[in-house]
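Chain by chain, the residues:
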Amino acid sequence: MSLPRPRFHLAPARNWMNDPNGLVFTGDRWHAFFQFNPEGNDWGNMSWGHASSADLLHWDEHPVALRHRPGEQIYSGSIVAGDDGTLSAFYTSAYDRGIQAQSRATSVDGGTTWTMDAANPVLDRGSSDFRDPKVVRVPGGGWLMLAVEAVERRVVFYASDDLSTWRETGSFGPLGSEGVVWECPDLVRLPVEGTTERVWVLLLSTNPVGDDADPAGSAMHYVVGDLVDGVFHSLDGDLRPLDHGRDCYAGVTFDSAPGGSAVMLAWMGNWRYAHVVPSSPWRGAMSSPRTLGLRRIDDALHLVQHPVLPPSGELDASSLRFEPHAVLDVRWDPAAAGSVRLRLEGEGDAVVEVVHDPAARTLSVSRTGRAADGLHPDFAGVRTAPLADPASGALTLVIDGPLLEVFTDDGLTVLSHLVTLGAGPITVSASAETSVVPTVRVGEVRVGATGDAAQEGPAAPAAA
Ligand code: FRU
């Protein structure tokens, strides 16, 4: 089977995509740059692809922004908008000779054309695993760059007043599991719900490495803490899961988002099996854009994620059989229902089951069937997340071709999976432990996005 292309999530018309890079809002458009192979639909020739959107739902793909060069691939990084509108991109130069260092490019035309600094790399520690620079504006002035020493499981911090010279201020880590590399850090200052308080949160992705690598593969985490003298400190020494599914990685936030909000995009992929995901001529997609915040529960701060979804004008209410591009809103009486089960049936024998179990305080999502079994030995199966608020009585399912994102606990619990339900209609049935029947409202998404026309049209624009 070949997986259908998403319609309202960012995915390239053709070729390989992984991490979001250089997410920036320029006053009228959201620009997303991303790890991209201009020459094929597997990882390689890493460059920065480019797309932009007025609403985070309809994406237009643009020519390749930063192209790999002989001896140098362009790995992940970030963009910041200066006060004069100049965009500065910071990316990792991954040299064939085995060194990874940070480089800079600037754009004065809103991200269309880029000039690489003559002085590149601008930050070189002679390290082979120093990557993924994320530059953030610091309240009170100046900039901070975070990058990982991936194998040491450390985030290294640098400060700058002019985006040109960088001074190391310290590092964070290692902590959490061994046997992983740390990748794609971000630092965001998030509002605490119901207060005027903002608290620093570190976002971090980890990927298992080595012979006994954890088959669960890539995962995203967050750490709640504080920023002191240009270095992040954790409040509780804990890496907490950001998403409980298998396919949410390398998520970072947009620079200059309106109102200082933190809007994240993540790659919906997992290095464990990303290379064999059956889609063509494209491979790789982003999560829904998610606005991040914090909720205080029993004195601890927890991350909440609210997806940006198509407005109701772009949703067509439909039956319980629907095209695989839809938002499902499921509600029930938590006092009466007990556990709630949703069963999605797609092409062939493909089934996805979502079980909300308040007694066990768990949410689980399984993906089964021959297409899931055949994809990779570690693909099929079930993932379970702890529920923070078992009495919420609500689930949102976002389905866009092979992308499934499940939100519950009012944004506190999120589980994102690639699924193999196929391109045909999906049937959903809902049941509860008791005779209570959950209400399922299905909104089929009608937006075209960069969807089918681009897929059937000419090759995606690729700069010479
Ligand atoms: C994360 C990552 C980054 C790196 C990029 C290369 O998925 O491994 O650390 O910069 O992908 O494509």
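Conventions and cut-offs
- Residues numbered from 1 in each chain as written.
- Predicted model: local features only at pLDDT ≥ 70, side-chain atom pairs only at ≥ 80, totals over all residues.
- Heavy atoms only, no water.
- Near = heavy atom within 4 Å.
- Polar contact = N/O pair within 3.5 Å; in protein donor to acceptor, adjacent residues only side chain to side chain.
- Areas by Shrake-Rupley, 256 points an atom, 1.4 Å probe, with all protein chains shown as cover.
- Helix = DSSP H or I, 4+ residues; strand = E, 2+ residues; numbered from the N terminus.
- Nonpolar A, V, L, I, M, F, W, Y, C, P; charged D, E, K, R; others polar.
- Pairing = 2+ DSSP bridges.
- Core = buried A, V, L, I, M, F, W, Y, C linked by side-chain atoms within 4.5 Å.
- Buried < 20%, exposed > 50% of the residue type's maximum accessible area, 1.4 Å probe, protein only.
- Contact = heavy atoms within 4.5 Å.
- Domains from an automatic or database assignment.
- Buried area = accessible area lost by both parts, 1.4 Å probe.
- Salt bridge = Lys/Arg side-chain N within 4 Å of Asp/Glu carboxyl O.

A.B. asks: Could you give me a rundown of the site of the ligand, with the residues and numbers involved?
C.D. replies: For the ligand, the full set of nearby residues is Asn18, Asp19, Gln35, Trp43, Tyr75, Ser76, Arg131, Asp132, Glu183, Tyr249 and Trp271. Separating an oxygen atom of the ligand from a side-chain N or O atom of Asn18 is a distance of 3.2 Å. Here an oxygen atom of the ligand sits 3.2 Å away from a polar atom, N or O, in the main chain of Ser76. Bound to the protein, the ligand loses 95% of the 320 Å² it would expose on its own. Elements that contribute at least two residues to the shell around the ligand include exactly strand E1 (15-25), strand E5 (72-81) and strand E9 (130-137). When its residues are assigned to classes, the shell around the ligand shows four nonpolar, three polar and four charged.

A.B. asks: So what about the pairing of strand E4 (residues 60-66)? Which residues, and what values?
C.D. replies: In the sheet, strand E3 (residues 47-53) pairs with E4 via four bridges, with the strands oriented antiparallel. Residue pairing across strands places Trp48 opposite Leu66, the latter belonging to E4. The antiparallel pairing of E3 with E4 creates a hairpin that spans six residues between the two strands, and Leu56 there sits at a positive phi of about 70°.

A.B. asks: Talk me through unusual backbone geometry; I want residue IDs and the actual numbers.
C.D. replies: A cis amide bond, omega -5°, links Asn120 with the succeeding residue Pro121. Structurally, Pro121 is set in the loop between strand E8 (115-116) and E9.

A.B. asks: Now, about the nonpolar core: what can you tell me, with residues and values included?
C.D. replies: With 29 residues, the main nonpolar core has Phe322, Leu328, Leu344, Val354, Leu395, Leu397 and Val406 as its most contacted residues. Those elements giving two or more residues to this core turn out to be strand E25 (325-331), strand E26 (340-345), strand E27 (351-357), strand E28 (362-368), strand E30 (394-400), strand E31 (403-408), strand E33 (426-432) and strand E34 (439-445). Contact partners of Val354, with chain neighbours within four places excluded, come to Val340, Arg341, Leu342, Leu363, Ser364, Val365, Leu395, Leu397 and Val406. Grouped together as the second largest cluster of nonpolar side chains are 28 residues, Phe25, Ala32, Val64 and Ala257 included.

A.B. asks: Kindly report on the pairing of strand E32 (residues 413-418), identifying the contributing residues and their values.
C.D. replies: Across a regular strand the side chains alternate sides, sitting on one face of the sheet and then on the other. Most of E32 sits inside the fold, with six of its six residues counted as buried. The two faces of E32 match: Thr413, Leu415 and His417 on one face and Val414, Ser416 and Leu418 on the other face are all buried. Bridge analysis of E31 against E32 gives six bridges, and the strand direction is antiparallel. When the bridges of E32 are listed, Thr408 appears paired with Thr413. Connecting the antiparallel pair E31 and E32 is a turn made up of four residues, with Asp409 showing a positive phi of about 55°.

A.B. asks: An account of the domain arrangement of the protein is needed here, citing residue identities and associated values.
C.D. replies: Many structure descriptions define interface size as the accessible area lost when the parts assemble. Under the domain assignment used here, the protein contains domain 1 (15-307) and domain 2 (315-444). On the domain 2 side, the residues contacting the 28 residues of domain 1 number 23 residues. Counting the surface lost from both domain 1 and domain 2, the interface buries some 2100 Å², and carbon and sulfur atoms represent 60% of this. Area buried by domain 1 at its contact with domain 2 is led by His244, Arg246 and Met268, which between them contribute 29% of it. One can count four salt bridges joining domain 1 with domain 2. A salt bridge links Asp410 to Arg295, with the shortest nitrogen-to-oxygen separation between them at 3.3 Å. Scanning the region where domain 1 abuts domain 2 turns up 18 residue pairs in polar contact (both at pLDDT 80 or more). Of all the secondary-structure elements, those providing two or more residues to the side of domain 1 that touches domain 2 are strand E21 (290-297) and strand E22 (300-307). The element contributing the most residues to the side of domain 1 that touches domain 2 is E22, with six residues. Considering only residue class, the side of domain 1 that touches domain 2 consists of 15 nonpolar, seven polar and six charged.

A.B. asks: For the sheet that holds E4, give the residues involved together with the corresponding values.
C.D. replies: Here five strands make up an open sheet; going across it, the order is E4-E3-E2-E1-E20 and the pairing mixed. Each edge of the open sheet carries a strand with a single partner, namely E4 and strand E20 (282-283). When E1 meets E20, the two strands line up parallel, connected through two bridges. What sits directly across from Trp16, in E20, is Arg283.

A.B. asks: With reference to specific residues and values, describe the sheet that holds E8.
C.D. replies: Overall, antiparallel pairing links the four strands, which are arranged E5-E6-E7-E8 in an open sheet. With one partner strand each, in any of the chains shown, E5 and E8 form the two edges of the open sheet. In terms of strand pairing, strand E6 (residues 87-95) meets strand E7 (residues 100-107) through eight bridges, oriented antiparallel. Counted as the bridge partner of Leu87 is Ser107 from E7.

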